[in-house]
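Coordinate inspection notes
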Amino acid sequence: MESQNEGDDILLSALRQIECKSIGDDITTIGQLTPEMIVEAVAKSLFLISEGEIKINSTLPPNVASRHRICTTMA
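Residues numbered from 1 in each chain as written. Predicted model: local features only at pLDDT ≥ 70, side-chain atom pairs only at ≥ 80, totals over all residues. Heavy atoms only, no water.

1. Overview of helix H3 (residues 64-74)
- For H3, the full list of buried residues reads Ser 66, Ile 70 and Met 74. One face of H3 carries all of its buried residues, which in axial projection span an arc of 75°. Opposite the buried face of H3, at more than 90 degrees from it, the exposed residues are Val 64, His 68 and Arg 69.
- Close packing links the buried residues of H3 with helix H2 (35-49).
- Of the residues that open H3, the one with a side-chain oxygen 3.3 Å from the backbone nitrogen of Ala 65 is Asn 63. (Buried < 20%, exposed > 50% of the residue type's maximum accessible area, 1.4 Å probe, protein only. Helix = DSSP H or I, 4+ residues; strand = E, 2+ residues; numbered from the N terminus. Arc of directions from axis to C-beta. Contact = heavy atoms within 4.5 Å. Polar contact = N/O pair within 3.5 Å; in protein donor to acceptor, adjacent residues only side chain to side chain.)

2. Quick notes on the pattern of salt bridges
- Per the counting criterion, the structure on display carries three salt bridges.
- Asp 25 is the salt-bridge partner of Arg 16, the closest N and O atoms lying 3.8 Å from each other.
- According to the relative accessible area criterion, Arg 16 is partly exposed, its value standing at 27%. (Salt bridge = Lys/Arg side-chain N within 4 Å of Asp/Glu carboxyl O.)

3. Some points on unusual backbone geometry
- One non-glycine residue, Glu 19, lies in the positive phi region at around 65°.
- Position of Glu 19 relative to the elements: it lies in the loop between helix H1 (2-17) and H2.

4. Overview of the environment of Ile 70
- Mapped onto the fold, Ile 70 is located in helix H3.
- If sequence neighbours within four positions are ignored, Ile 70 has contacts with Val 39, Ile 56, Asn 57, Thr 59, Leu 60 and Pro 61.

5. Thoughts on the side chain of Glu 40
- Among the structural elements, Glu 40 can be located in helix H2.
- As a buried residue without a salt bridge, Glu 40 has its nearest oppositely charged side chain in Lys 44, at a separation of 4.1 Å.
- Only 2.9 Å separates the side chain of Glu 40 from the backbone nitrogen of Lys 21, close enough to count as a polar contact.
- Leave out the neighbours within four places in its chain, and Glu 40 touches Glu 19, Cys 20, Lys 21, Ser 22 and Ser 58. (Lys, Arg positive; Asp, Glu negative; His and termini not counted.)

6. Topic: the nonpolar core
- If you look at the biggest cluster of nonpolar residues, it comprises eight residues: Leu 12, Leu 15, Cys 20, Ile 23, Ile 27, Leu 33, Met 37 and Ala 41.
- Broken down by secondary-structure element, the contributors of at least two residues to this core are H1 and H2.
- Within the second largest apolar cluster, six residues are counted, among which are Ala 43, Ile 56, Leu 60 and Ile 70. (Core = buried A, V, L, I, M, F, W, Y, C linked by side-chain atoms within 4.5 Å.)

Written as structure tokens, this is what we have:
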């Protein structure tokens, strides 16, 4: 269990460093991430990895069809 907490700490710290604003200090495990937080993290990570070529809205849209499209784009 110790390594899982350490892994969570490392990943959450990295996400905060790339300015995932929705992931506050009150989030201490990956299991606490909401779908909205995950979308922001993936969008910002893809932007960083692609050196700015992949630009995806980092907020989860309210309707189901738009959510499906953004998740398909991320995949």
